[in-house]
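These are the residues of each chain, in order.
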Amino acid sequence: MELQGKCVLLGVTGGIAAYKMAGVASALKKRGADVEVIMTRNATQFITPLTFETLTGHKCMVDTFDRDFKFEVTHIELAKKADVILVAPATANVIAKMAHGIADDMLTTTVLAARCPKLVSPAMNTGMLENPITQDNIRTLEKYGFTVIPSESGQLACHDVGKGRLPADEVLLDYISRALAPKDLAGLHVTVTAGPTQEAIDPVRCLTNHSTGKMGYAVARAAALRGAEVTLIHGPTALQPLRFVRDVPVTSAQEMFEAVTGCFAQTDVLVMAAAVADYRPATVAADKVKKSEGEMSIPLTRTADILGTIGPAKTHQFLCGFSMETRDMVAHSADKLRRKNLDMIVANNLKDPGAGFGVDTNLVTFLTPDGAVRQLPLMSKDAVAGAILDEILARKGK
Ligand code: CTP
């Protein structure tokens, strides 16, 4: 679990979005985090401490002078225990207090005492948010090292439409994961390809494959959380765009080829997880092809092999390919590793249960030019992504 062994302290303040933090607390627990919650007195008007206590298994702190707790000096103990603090929703009032070092309740006292990364997610009416006083206070927080999560636009509780909404749970969770991740890929440009390509037959039809992009997206996300500058070049997928990455959507193998070669000089690590078509229709019909009696065949021509082209021409880049097979996986993958001049290949067998397209798990084997063949246990694609980056980092230094 991504957040195992980490303590996340949520500071919930008095805005209508406070109720949404129950979902965030629950999701953090599911990811393995130890979750503590401090509420302001005003927040208890919107959601009760009991909700958070039930979800987290900890007493939810509100009152600085509450004596019914296990710690000696709670605001100091929680400030020391937290690996990250997220104040969300953060009202204009609490933002103003934190920006000026005012510590007049349990939450602001703890925030002032803490030395861990601090995230603040402003959520309020657009007028309050855009008020220069609030904007100045937000800049002050950033100057002091707080990470301010931009609020989103939409319909607000006051029926105004504008900026000031609390972002979705997944956004807050990604900021927390990034704050907690080691920054061992900082300074590296990582390019990741993901998903299928589509090769047009005519304006309505294409040749494609079953790749969903999940594995490549997991690698891109993990690399970004670990501090890399990530470019994600992907074919058409149904996945939500990732945060903290440069998103480059493409359609065909040729477009992917151009996108990869276009950023190759600035790339330190290339992870080619995309399922690139090896063939495309030799010609693309300008109009829809109409059916007729009898059989039909479509002449195909080879697409450019992206890794096969850039592999032999690499300079400082570390190249990691993927290999999906249905038989003789190790032999075929070792052959691709050699032919494409790769530094590593991640192989999987589509016929293994839990591996391959669409599922959230993968069963992979790493092959490297030194002849090492390392099979990993069945893991989530997120865990596989972490293992791939660990292996790359370990080998890149060699
Ligand atoms: N790949 C690529 N360009 C292509 C096709 C594939 O860069 N036109 C990359 C894939 O992204 C993957 C690796 O090459 O990282 C291996 O792909 P695969 O198609 O399985 O390898 P092939 O050598 O094409 O083997 P096969 O004969 O099984 O198709």
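Quick notes on the rules
Residues numbered from 1 in each chain as written. Predicted model: local features only at pLDDT ≥ 70, side-chain atom pairs only at ≥ 80, totals over all residues. Heavy atoms only, no water. Salt bridge = Lys/Arg side-chain N within 4 Å of Asp/Glu carboxyl O. Helix = DSSP H or I, 4+ residues; strand = E, 2+ residues; numbered from the N terminus. Buried < 20%, exposed > 50% of the residue type's maximum accessible area, 1.4 Å probe, protein only. UniProt positions renumbered as here; feature names shortened; annotations may be inferred. Near = heavy atom within 4 Å. Polar contact = N/O pair within 3.5 Å; in protein donor to acceptor, adjacent residues only side chain to side chain. Areas by Shrake-Rupley, 256 points an atom, 1.4 Å probe, with all protein chains shown as cover. Contact = heavy atoms within 4.5 Å. Phe/Tyr/Trp six-rings, centres within 6.5 Å; stacked < 30°, edge-to-face > 60°. Lys NZ or Arg CZ within 6 Å of the ring centre and 35° of its normal. Patch = residues over 30% accessible without salt bridge, like charges linked within 9 Å, V, L, I, M, F, W, Y side chains within 5 Å. Disulfide = S-S within 2.5 Å. Pairing = 2+ DSSP bridges. Axes fitted to C-alpha atoms, helices over the stretch in contact; angles between N-to-C directions.

S.K.: Would you take a moment to explain the pattern of salt bridges for this structure?
M.R.: Two side chains carrying opposite charge are able to pair once their charged atoms lie near each other. Under the defined criterion, the tally for this structure stands at 21 salt bridges. Salt-bridge contacts for K81 lead to E36; the nearest nitrogen and oxygen are separated by 2.5 Å. Placement of the pair is K81 in helix 3 (residues 74-81) and E36 in strand 2 (residues 34-39), with a sequence separation of 45 residues. Using a relative accessible area of 25% as the deciding quantity, one classes K81 as partly exposed. Of the residues examined, E36 reaches a relative accessible area of 2% and is grouped as buried. Note that D136 and R139 form a salt bridge whose closest N and O atoms lie 2.9 Å from each other. Residue D136 and its partner R139 are located together in helix 7 (residues 132-143), separated by 3 residues, close to a single helical turn. A relative accessible area of 42% means that D136 is categorised as partly exposed. Overlapping salt bridges bring together E2, D174, R221 and R243 as one network.

S.K.: I tried to follow the UniProt feature "domain: DNA/pantothenate metabolism flavoprotein C-terminal" (unreviewed entry) in the chain on my own but got confused; where do I start?
M.R.: Following the UniProt record, one finds the feature "domain: DNA/pantothenate metabolism flavoprotein C-terminal" (unreviewed entry) at residues 185-393. In this annotation, residues 185-393 is assigned 25% helix and 28% strand; the end-to-end C-alpha distance for the span is 8 Å.

S.K.: Please explain the site of the ligand as it appears in this structure.
M.R.: Contacts to the ligand come from 16 residues, most closely from M272, A274, L307, K336 and K340. Take D278: an N or O atom from its side chain is 3.1 Å from an oxygen atom of the ligand. At 3.0 Å from a nitrogen atom of the ligand is found a main-chain nitrogen or oxygen belonging to A304. Starting from 580 Å² of accessible surface for the ligand in isolation, the protein chains cover 78%. At the level of elements, helix 11 (306-310), strand 16 (318-325) and helix 12 (329-339) are the ones that each hand at least two residues to the shell around the ligand. Top contributing element to the shell around the ligand by residue count: strand 16, with 3 residues.

S.K.: Would you mind showing me how to read the environment of K183 here?
M.R.: Mapped onto the elements, K183 comes out in the loop between helix 8 (169-180) and strand 8 (189-194). Residues K183 and G227 lie 44 residues apart in sequence; the distance between their C-alpha atoms is 4.8 Å. Not counting chain neighbours up to four residues away, the residues in contact with K183 comprise R178, L225, R226 and G227. Among the polar contacts listed, one links the side chain of K183 to the backbone oxygen of A181, at a separation of 2.8 Å. There is a polar contact of 3.2 Å between the side chain of K183 and the backbone oxygen of L225.

S.K.: Just checking my understanding: could you explain the packing of aromatic side chains for this structure?
M.R.: Within a pair of aromatic rings, the relevant descriptors are the distance that separates the centres and the angle that separates the planes. Evaluated as defined, the whole model comprises 1 aromatic pair. Aromatic side chains Y175 and F244 sit 5.0 Å apart centroid to centroid with 85° between the ring planes, which places their arrangement in the edge-to-face category. Of the two residues, Y175 is situated in helix 8 and F244 in the loop between strand 11 (229-234) and strand 12 (245-249); the sequence distance between them amounts to 69 residues. Of the residues examined, Y175 reaches a relative accessible area of 13% and is grouped as buried. Given the relative accessible area of 24%, F244 is considered partly exposed. The positively charged end of R178 is found above the aromatic ring belonging to F244, 3.9 Å away from the centroid. In this structure, R302 packs its charged tip against the face of Y279, placed 5.6 Å from the ring centre.

S.K.: Help me understand the environment of A33 in this model?
M.R.: Considering the arrangement of structural elements, one finds A33 in the loop between helix 1 (21-30) and strand 2. A33 has contacts with L3, K6, V8 and L28, leaving out every residue within four places of it along the chain.

S.K.: Would you take a moment to explain a nonpolar patch on the surface for this structure?
M.R.: Residues L207, Y279, M296, I298 and L300 make up a contiguous nonpolar surface patch of roughly 460 Å² in combined accessible area. Inspection of the secondary structure assignment puts Y279 in strand 14 (residues 279-281).

S.K.: Looking at this structure, how should I read the state of the cysteines?
M.R.: Summed over the entire model, instances satisfying the criterion amount to 0 disulfides. Not engaged in a disulfide, the cysteine C7 finds its nearest cysteine sulfur in C116; these two sulfurs lie 8.5 Å apart. With a relative accessible area of 5%, C7 lands in the buried category.

S.K.: How do you make sense of the sheet that holds strand 3 (residues 84-90) when you look at a structure like this?
M.R.: Backbone hydrogen bonds are what pair the strands of a sheet, in a parallel or an antiparallel way. A sheet is described by the order of its strands in space; here 5 strands give the open sequence 2-1-3-4-5, paired in parallel fashion. What marks the edges here is a single partner per strand, and that holds for strand 2 and strand 5 (147-148). Examined bridge by bridge, strand 4 (residues 118-122) and strand 5 share 2 bridges and lie parallel to one another. Paired with L119 across the strands is T147, a residue of strand 5. Against the sheet, helix 1 contacts strand 1 (7-12), strand 2 and strand 3, and its axis sits at roughly 175° relative to strand 1.

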